[in-house]
Amino acid sequence: MKIIADTGKCVGAGQCVLTEPELFDQSEDDGTVIVLNATPEGELVEKAREAVHVCPSQALSLQE
């Protein structure tokens with residue numbers, strides 16, 4: 001699995017960071033998503049799926 005982030009769609013809501021700070025951060029410049037670990041394993045896979053689901057701008061997706 002790979003996390004894909006479209007920073008052009010990201011509105012900086014931070015839901016991904018709140019869901020899993022080990023996978024996501026936000027840019028200090030504009031608040032857009034930064035993927036810290038694009039290929040999660042184990043229990044982080046479910047957290048990645050949850051982050052994709054809660055993203056209000058649909059800027060996150062998963063490549064399985």
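These figures come from a predicted structure and were not determined experimentally.

### Thoughts on the nonpolar core
Alright, step 1. If you look at the biggest cluster of nonpolar residues, it comprises 13 residues, and the most contacted ones within it are I3, C16, L23, F24, V33, A51 and L60.
Alright, step 2. Broken down by secondary-structure element, the contributors of at least two residues to this core are α1 (15-19) and α2 (44-54).
Alright, step 3. The residues contacting A51, other than those within four sequence positions of it, are C16, T19, F24 and L60.

### Description of the pattern of salt bridges
Alright, step 1. For the structure shown, the criterion picks out three salt bridges.
Alright, step 2. Here E46 and R49 are joined by a salt bridge, their closest N and O atoms 3.0 Å apart. Separated by three residues within a single helix, E46 and R49 lie in helix α2, roughly one turn from each other.
Alright, step 3. Across the pair R49 and E64 runs a salt bridge, and its minimum N-O distance is 3.3 Å. You can see R49 sitting in helix α2 and its partner E64 sitting in the segment after β4 (60-63), a full 15 residues away along the chain.
Alright, step 4. What makes R49 partly exposed here is its relative accessible area of 32%.
Alright, step 5. Judged by its relative accessible area of 66%, E64 falls in the exposed class.
Alright, step 6. It is possible to trace a salt-bridge network through shared partners that takes in E46, R49 and E64.

Thresholds applied
In this numbering scheme, every chain counts its residues from 1 along its sequence in written order. The predicted origin of the model limits local features to residues at a pLDDT of at least 70 and limits the giving and counting of side-chain atom pairs to 80 or more, whereas totals for whole chains, interfaces and linings rest on all residues. The side-chain numbers reported here are obtained from all heavy atoms of the structure, hydrogens and water having been left aside. Side-chain atoms within 4.5 Å are what join buried Ala, Val, Leu, Ile, Met, Phe, Trp, Tyr and Cys residues into a set we call a nonpolar core. Note on exposure labels: buried denotes an accessible area under 20% of the residue type's maximum, exposed denotes more than 50%, and partly exposed covers the range between, all computed with a 1.4 Å probe on protein chains only. By the criteria applied, helices consist of DSSP H or I runs no shorter than four residues and strands consist of E runs no shorter than two, each listed in order from the N terminus. Every residue pair with non-hydrogen atoms within 4.5 Å of one another is taken to be in contact. A side-chain nitrogen of Lys or Arg and a carboxyl oxygen of Asp or Glu constitute a salt bridge if their distance falls within 4 Å.

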